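# Survey of secondary and tertiary structure
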Amino acid sequence: MTVDKAKIARQFIQTIPHSKALGMEITALGDGMAEITMPYDERFIGDPKTGVIHGGAVSALMDTCGGAAVMSHPDAPAGTATIDLRIDYMRAATPGQAITARAEVYHITRSVAFVRATACDDDTDRPVATATGAFTVEGR
Amino acid sequence: MARKAPEPVQIVKQRRDAALNALVGGVPYINFMGISFDRRGDELTGVLSFEDKLIGNPILPAIHGGVTAAFLEVTAVISLSWAYIWEDFESGTLDVEALAAGNLPRLPKTIDFTVDYLRSGLPRDAYARATITRAGRRYASVQAEAWQDNKDRPFAQATAHFLMPRPDQSSDQSGD
(Lines give C-alpha, C1' and ligand atoms only; values in the text may rest on other atoms or scores of the structure.)
Protein backbone atom coordinates (compact mmCIF):
# COMPACT_ATOMS: atom_id res chain seq x y z
CA MET A 1 0.00 0.00 0.00
CA THR A 2 1.33 3.39 -0.98
CA VAL A 3 1.73 6.15 1.57
CA ASP A 4 -0.95 8.17 -0.26
CA LYS A 5 -3.51 5.39 -0.06
CA ALA A 6 -2.88 4.90 3.65
CA LYS A 7 -3.24 8.62 4.15
CA ILE A 8 -6.50 8.80 2.18
CA ALA A 9 -7.97 5.80 4.00
CA ARG A 10 -6.98 7.25 7.37
CA GLN A 11 -8.43 10.65 6.53
CA PHE A 12 -11.67 9.11 5.27
CA ILE A 13 -12.13 7.02 8.41
CA GLN A 14 -11.43 9.98 10.64
CA THR A 15 -14.24 11.95 8.99
CA ILE A 16 -16.89 9.30 9.82
CA PRO A 17 -19.26 11.09 12.21
CA HIS A 18 -20.30 7.96 14.12
CA SER A 19 -16.73 6.75 14.62
CA LYS A 20 -15.88 10.21 15.95
CA ALA A 21 -18.94 10.13 18.23
CA LEU A 22 -17.63 6.88 19.73
CA GLY A 23 -14.14 8.36 20.14
CA MET A 24 -12.48 5.81 17.85
CA GLU A 25 -8.83 6.25 16.95
CA ILE A 26 -6.79 4.42 14.34
CA THR A 27 -3.65 2.98 15.91
CA ALA A 28 -2.44 0.99 12.89
CA LEU A 29 -3.50 0.78 9.24
CA GLY A 30 -2.19 -0.72 6.04
CA ASP A 31 -2.14 -3.66 3.61
CA GLY A 32 -5.51 -5.04 4.57
CA MET A 33 -5.02 -4.69 8.33
CA ALA A 34 -6.48 -2.14 10.71
CA GLU A 35 -6.32 -1.54 14.43
CA ILE A 36 -8.77 0.87 16.05
CA THR A 37 -9.24 1.70 19.71
CA MET A 38 -12.38 2.99 21.46
CA PRO A 39 -12.08 4.55 24.94
CA TYR A 40 -14.29 3.55 27.84
CA ASP A 41 -17.17 6.02 28.13
CA GLU A 42 -20.09 5.92 30.57
CA ARG A 43 -22.45 6.96 27.76
CA PHE A 44 -21.79 3.60 26.05
CA ILE A 45 -22.82 1.46 29.03
CA GLY A 46 -25.23 -1.34 28.15
CA ASP A 47 -25.69 -2.88 31.59
CA PRO A 48 -26.10 -0.18 34.24
CA LYS A 49 -25.54 -2.68 37.06
CA THR A 50 -22.08 -3.71 35.96
CA GLY A 51 -20.98 -0.71 33.86
CA VAL A 52 -20.17 -3.04 30.95
CA ILE A 53 -20.13 -1.43 27.48
CA HIS A 54 -23.09 -2.28 25.22
CA GLY A 55 -22.54 -4.91 22.53
CA GLY A 56 -23.78 -2.41 19.98
CA ALA A 57 -20.78 -0.15 20.55
CA VAL A 58 -18.49 -3.17 20.11
CA SER A 59 -20.35 -3.98 16.86
CA ALA A 60 -19.77 -0.43 15.61
CA LEU A 61 -16.07 -0.75 16.45
CA MET A 62 -15.82 -4.12 14.66
CA ASP A 63 -17.65 -2.80 11.60
CA THR A 64 -15.48 0.33 11.32
CA CYS A 65 -12.30 -1.69 11.82
CA GLY A 66 -13.36 -4.28 9.21
CA GLY A 67 -14.21 -1.56 6.69
CA ALA A 68 -10.91 0.21 7.37
CA ALA A 69 -8.98 -3.02 6.78
CA VAL A 70 -10.72 -3.46 3.41
CA MET A 71 -10.07 0.14 2.35
CA SER A 72 -6.41 -0.22 3.22
CA HIS A 73 -6.00 -3.36 1.06
CA PRO A 74 -3.89 -2.84 -2.08
CA ASP A 75 -6.49 -4.72 -4.20
CA ALA A 76 -9.43 -2.61 -3.02
CA PRO A 77 -9.53 0.50 -5.18
CA ALA A 78 -12.16 2.57 -3.40
CA GLY A 79 -14.89 2.40 -0.81
CA THR A 80 -16.58 -0.57 0.81
CA ALA A 81 -19.86 -1.54 2.43
CA THR A 82 -20.61 -4.33 4.87
CA ILE A 83 -22.52 -7.28 3.39
CA ASP A 84 -22.75 -9.20 6.64
CA LEU A 85 -21.05 -9.29 10.01
CA ARG A 86 -21.18 -11.96 12.69
CA ILE A 87 -19.96 -11.14 16.17
CA ASP A 88 -19.30 -13.67 18.92
CA TYR A 89 -19.23 -12.20 22.40
CA MET A 90 -16.80 -14.19 24.53
CA ARG A 91 -16.93 -12.21 27.74
CA ALA A 92 -17.97 -8.85 29.17
CA ALA A 93 -15.39 -6.10 28.57
CA THR A 94 -13.87 -4.86 31.83
CA PRO A 95 -15.45 -1.53 32.82
CA GLY A 96 -13.02 1.39 32.66
CA GLN A 97 -10.80 -0.14 29.98
CA ALA A 98 -10.53 0.86 26.31
CA ILE A 99 -11.46 -1.74 23.70
CA THR A 100 -9.12 -2.29 20.77
CA ALA A 101 -10.18 -4.10 17.61
CA ARG A 102 -7.81 -5.57 15.07
CA ALA A 103 -9.17 -6.62 11.68
CA GLU A 104 -7.51 -8.32 8.73
CA VAL A 105 -8.62 -9.09 5.19
CA TYR A 106 -7.79 -12.78 4.87
CA HIS A 107 -9.11 -13.16 1.34
CA ILE A 108 -10.19 -10.74 -1.36
CA THR A 109 -11.78 -11.25 -4.78
CA ARG A 110 -12.80 -8.69 -7.42
CA SER A 111 -16.08 -8.12 -5.59
CA VAL A 112 -15.83 -9.41 -2.00
CA ALA A 113 -13.39 -9.01 0.88
CA PHE A 114 -13.48 -11.57 3.71
CA VAL A 115 -12.53 -10.14 7.06
CA ARG A 116 -11.70 -11.48 10.53
CA ALA A 117 -11.53 -9.28 13.60
CA THR A 118 -10.77 -9.59 17.30
CA ALA A 119 -11.53 -7.13 20.09
CA CYS A 120 -9.63 -7.01 23.38
CA ASP A 121 -9.46 -4.86 26.48
CA ASP A 122 -6.28 -4.64 28.61
CA ASP A 123 -6.22 -8.42 28.99
CA THR A 124 -5.08 -9.23 25.46
CA ASP A 125 -4.92 -12.97 26.10
CA ARG A 126 -8.68 -13.25 26.46
CA PRO A 127 -10.59 -11.56 23.61
CA VAL A 128 -13.82 -9.77 24.44
CA ALA A 129 -15.31 -10.58 21.03
CA THR A 130 -14.41 -11.93 17.60
CA ALA A 131 -16.08 -11.19 14.29
CA THR A 132 -16.15 -12.41 10.73
CA GLY A 133 -17.63 -10.43 7.90
CA ALA A 134 -17.95 -10.02 4.16
CA PHE A 135 -17.49 -6.56 2.65
CA THR A 136 -18.04 -5.25 -0.86
CA VAL A 137 -15.08 -4.27 -3.05
CA GLU A 138 -16.15 -1.19 -4.96
CA GLY A 139 -14.81 0.94 -7.75
CA ARG A 140 -13.60 -1.48 -10.40
CA MET B 1 -68.56 -17.39 40.10
CA ALA B 2 -68.07 -13.64 40.07
CA ARG B 3 -65.66 -12.44 37.44
CA LYS B 4 -63.06 -9.90 38.49
CA ALA B 5 -63.76 -6.45 37.10
CA PRO B 6 -61.26 -5.41 34.44
CA GLU B 7 -58.66 -2.89 35.55
CA PRO B 8 -59.18 0.73 34.53
CA VAL B 9 -57.38 1.51 31.29
CA GLN B 10 -55.12 4.20 32.81
CA ILE B 11 -53.86 1.77 35.44
CA VAL B 12 -52.96 -0.80 32.79
CA LYS B 13 -51.26 1.75 30.54
CA GLN B 14 -49.44 3.42 33.40
CA ARG B 15 -48.04 0.11 34.64
CA ARG B 16 -46.88 -1.07 31.21
CA ASP B 17 -45.39 2.28 30.22
CA ALA B 18 -43.61 2.55 33.57
CA ALA B 19 -42.14 -0.95 33.14
CA LEU B 20 -40.98 -0.14 29.60
CA ASN B 21 -39.50 3.22 30.63
CA ALA B 22 -37.62 1.56 33.48
CA LEU B 23 -36.23 -1.12 31.16
CA VAL B 24 -35.17 1.28 28.39
CA GLY B 25 -34.33 4.42 30.37
CA GLY B 26 -31.84 2.59 32.58
CA VAL B 27 -29.44 1.89 29.71
CA PRO B 28 -27.11 4.84 28.92
CA TYR B 29 -26.16 3.52 25.46
CA ILE B 30 -29.82 3.46 24.32
CA ASN B 31 -30.08 7.15 25.25
CA PHE B 32 -26.78 7.93 23.56
CA MET B 33 -28.06 6.36 20.32
CA GLY B 34 -31.40 8.18 20.50
CA ILE B 35 -33.39 4.93 20.42
CA SER B 36 -36.92 4.85 21.86
CA PHE B 37 -39.71 2.28 21.85
CA ASP B 38 -43.34 2.44 20.71
CA ARG B 39 -45.66 0.06 22.52
CA ARG B 40 -48.95 -1.44 21.34
CA GLY B 41 -50.08 -3.91 24.00
CA ASP B 42 -47.03 -6.13 24.37
CA GLU B 43 -45.73 -5.37 20.87
CA LEU B 44 -42.64 -3.16 20.74
CA THR B 45 -41.21 -1.18 17.85
CA GLY B 46 -37.75 0.32 18.20
CA VAL B 47 -37.41 3.85 16.81
CA LEU B 48 -34.00 5.23 15.82
CA SER B 49 -34.29 9.02 15.50
CA PHE B 50 -31.86 10.24 12.89
CA GLU B 51 -28.97 12.44 13.95
CA ASP B 52 -25.79 13.44 12.09
CA LYS B 53 -23.63 11.51 14.55
CA LEU B 54 -25.16 8.23 13.24
CA ILE B 55 -23.60 8.69 9.78
CA GLY B 56 -21.00 6.16 8.64
CA ASN B 57 -20.51 7.28 5.06
CA PRO B 58 -20.54 11.08 4.76
CA ILE B 59 -20.32 10.99 0.94
CA LEU B 60 -23.56 9.05 0.28
CA PRO B 61 -24.60 9.84 3.12
CA ALA B 62 -25.61 6.62 4.89
CA ILE B 63 -26.14 5.43 8.46
CA HIS B 64 -23.08 3.65 9.95
CA GLY B 65 -23.26 -0.15 9.68
CA GLY B 66 -22.39 -0.29 13.36
CA VAL B 67 -25.38 1.92 14.17
CA THR B 68 -27.64 -0.42 12.23
CA ALA B 69 -26.20 -3.44 14.05
CA ALA B 70 -26.51 -1.69 17.42
CA PHE B 71 -30.11 -0.65 16.71
CA LEU B 72 -31.06 -4.25 15.87
CA GLU B 73 -29.23 -5.53 18.93
CA VAL B 74 -30.90 -3.02 21.26
CA THR B 75 -34.30 -3.90 19.78
CA ALA B 76 -33.58 -7.62 20.21
CA VAL B 77 -32.37 -7.34 23.84
CA ILE B 78 -35.19 -5.02 24.94
CA SER B 79 -37.88 -7.12 23.19
CA LEU B 80 -36.49 -10.26 24.80
CA SER B 81 -36.24 -8.73 28.30
CA TRP B 82 -39.71 -7.25 27.89
CA ALA B 83 -41.21 -10.65 27.04
CA TYR B 84 -39.23 -12.16 29.93
CA ILE B 85 -40.64 -9.79 32.58
CA TRP B 86 -44.11 -9.22 31.06
CA GLU B 87 -45.92 -11.94 33.03
CA ASP B 88 -44.23 -10.89 36.26
CA PHE B 89 -45.18 -7.23 36.20
CA GLU B 90 -48.66 -7.97 34.84
CA SER B 91 -49.34 -10.36 37.72
CA GLY B 92 -47.71 -8.09 40.29
CA THR B 93 -44.88 -10.53 41.15
CA LEU B 94 -42.53 -7.85 39.88
CA ASP B 95 -43.16 -4.46 41.44
CA VAL B 96 -43.20 -1.74 38.79
CA GLU B 97 -42.32 0.94 41.35
CA ALA B 98 -39.22 -1.02 42.33
CA LEU B 99 -38.39 -1.33 38.61
CA ALA B 100 -38.78 2.41 38.15
CA ALA B 101 -36.55 3.00 41.20
CA GLY B 102 -33.76 1.22 39.34
CA ASN B 103 -34.18 -2.29 40.70
CA LEU B 104 -34.03 -3.81 37.23
CA PRO B 105 -33.89 -7.48 36.36
CA ARG B 106 -30.64 -8.80 34.89
CA LEU B 107 -30.49 -8.37 31.12
CA PRO B 108 -29.95 -11.28 28.72
CA LYS B 109 -26.35 -11.52 27.49
CA THR B 110 -25.59 -11.63 23.77
CA ILE B 111 -23.81 -14.84 22.77
CA ASP B 112 -23.60 -14.04 19.07
CA PHE B 113 -25.11 -11.60 16.69
CA THR B 114 -25.26 -11.74 12.87
CA VAL B 115 -26.42 -8.84 10.77
CA ASP B 116 -27.20 -8.79 7.06
CA TYR B 117 -27.04 -5.42 5.37
CA LEU B 118 -29.68 -5.41 2.64
CA ARG B 119 -29.55 -1.78 1.49
CA SER B 120 -27.84 1.33 2.76
CA GLY B 121 -29.47 3.07 5.70
CA LEU B 122 -30.73 6.48 4.57
CA PRO B 123 -30.26 9.62 6.67
CA ARG B 124 -33.73 9.47 8.25
CA ASP B 125 -35.55 7.66 11.07
CA ALA B 126 -35.54 3.86 11.18
CA TYR B 127 -37.79 1.32 12.86
CA ALA B 128 -37.19 -2.24 14.03
CA ARG B 129 -39.08 -5.17 15.44
CA ALA B 130 -37.81 -8.39 16.96
CA THR B 131 -39.37 -11.85 16.99
CA ILE B 132 -38.42 -14.33 19.68
CA THR B 133 -38.18 -17.59 17.79
CA ARG B 134 -37.21 -19.62 20.84
CA ALA B 135 -37.32 -18.64 24.49
CA GLY B 136 -35.73 -21.35 26.58
CA ARG B 137 -34.73 -21.22 30.23
CA ARG B 138 -31.06 -20.71 29.41
CA TYR B 139 -30.89 -19.78 25.73
CA ALA B 140 -33.04 -17.70 23.44
CA SER B 141 -33.02 -17.15 19.67
CA VAL B 142 -34.21 -13.82 18.32
CA GLN B 143 -34.64 -12.39 14.84
CA ALA B 144 -34.91 -8.69 14.13
CA GLU B 145 -35.65 -6.56 11.11
CA ALA B 146 -35.19 -2.84 10.47
CA TRP B 147 -36.86 -0.66 7.87
CA GLN B 148 -37.23 3.00 6.99
CA ASP B 149 -39.82 3.94 4.34
CA ASN B 150 -41.42 0.59 3.54
CA LYS B 151 -41.75 -2.19 6.06
CA ASP B 152 -41.65 -4.68 3.17
CA ARG B 153 -38.23 -3.41 2.15
CA PRO B 154 -36.05 -3.88 5.25
CA PHE B 155 -32.55 -2.37 5.08
CA ALA B 156 -31.10 -4.84 7.58
CA GLN B 157 -31.97 -8.03 9.39
CA ALA B 158 -30.33 -9.88 12.24
CA THR B 159 -30.24 -13.25 13.99
CA ALA B 160 -29.01 -13.42 17.56
CA HIS B 161 -28.58 -15.85 20.41
CA PHE B 162 -28.80 -14.84 24.04
CA LEU B 163 -27.93 -16.33 27.39
CA MET B 164 -30.88 -15.76 29.71
CA PRO B 165 -30.35 -14.45 33.24
CA ARG B 166 -30.77 -17.08 35.96
CA PRO B 167 -34.02 -16.48 37.86
CA ASP B 168 -32.21 -16.59 41.23
CA GLN B 169 -29.72 -13.91 40.18
CA SER B 170 -30.90 -10.90 42.12
CA SER B 171 -29.83 -7.30 41.81
CA ASP B 172 -26.43 -7.52 43.52
CA GLN B 173 -24.79 -9.85 41.02
CA SER B 174 -21.52 -8.48 39.71
CA GLY B 175 -19.33 -9.19 36.71
CA ASP B 176 -20.14 -12.13 34.51
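Look above for the structure.
Quantities reported herein were computed from a predicted structural model and do not represent experimental measurements.

### Examining the interface of chain A and chain B
Taken residue by residue, the interface counts 35 residues in chain A and 37 residues in chain B. Summed over both partners, the interface of chain A with chain B comes to about 2,800 Å²; 60% of that surface belongs to carbon and sulfur atoms. Contact with chain B buries surface across chain A, with His18(A), Lys49(A) and His54(A) losing the most and accounting together for 22% of the total. Our enumeration of links across chain A and chain B arrives at 2 salt bridges. Measuring nitrogen to oxygen at the nearest pair gives 3.8 Å for the salt bridge that ties Asp47(A) to Arg106(B). Linking chain A to chain B there are 13 residue pairs in polar contact (both at pLDDT 80 or more). Elements supplying a minimum of two residues to the side of chain A that touches chain B: helix H2 (17-21), strand E3 (45-47), helix H3 (55-71) and strand E5 (82-89) of chain A.

### Remarks on the pattern of salt bridges
Tallied over the entire structure, the rule returns 14 salt bridges over all chains. With a closest N to O distance of 3.6 Å, Glu104(A) and Arg116(A) form a salt bridge. Of the two residues, Glu104(A) sits in strand E6 (residues 99-108) while Arg116(A) sits in strand E7 (residues 112-120), which places them 12 residues apart along the sequence. For Glu104(A), a relative accessible area of 35% corresponds to the partly exposed category. In this structure, the salt-bridge partner of Glu43(B) is Arg129(B), at a minimum N-O distance of 3.7 Å. Highlighted residues: Glu43(B) in strand E2 (residues 43-48) and Arg129(B) in strand E6 (residues 126-135), separated in sequence by 86 residues. You can call Glu43(B) partly exposed: its relative accessible area is 35%. According to the relative accessible area criterion, Arg129(B) is partly exposed, its value standing at 29%. Within this structure, Glu7(B), Arg15(B), Arg16(B) and Glu90(B) form a network of salt bridges that share partners.

Cut-off values and rules
Residues numbered from 1 in each chain as written. Chains lettered and ligands numbered in written order. Predicted model: local features only at pLDDT ≥ 70, side-chain atom pairs only at ≥ 80, totals over all residues. Heavy atoms only, no water. Contact = heavy atoms within 4.5 Å. Buried area = accessible area lost by both parts, 1.4 Å probe. Salt bridge = Lys/Arg side-chain N within 4 Å of Asp/Glu carboxyl O. Polar contact = N/O pair within 3.5 Å; in protein donor to acceptor, adjacent residues only side chain to side chain. Helix = DSSP H or I, 4+ residues; strand = E, 2+ residues; numbered from the N terminus. Buried < 20%, exposed > 50% of the residue type's maximum accessible area, 1.4 Å probe, protein only.

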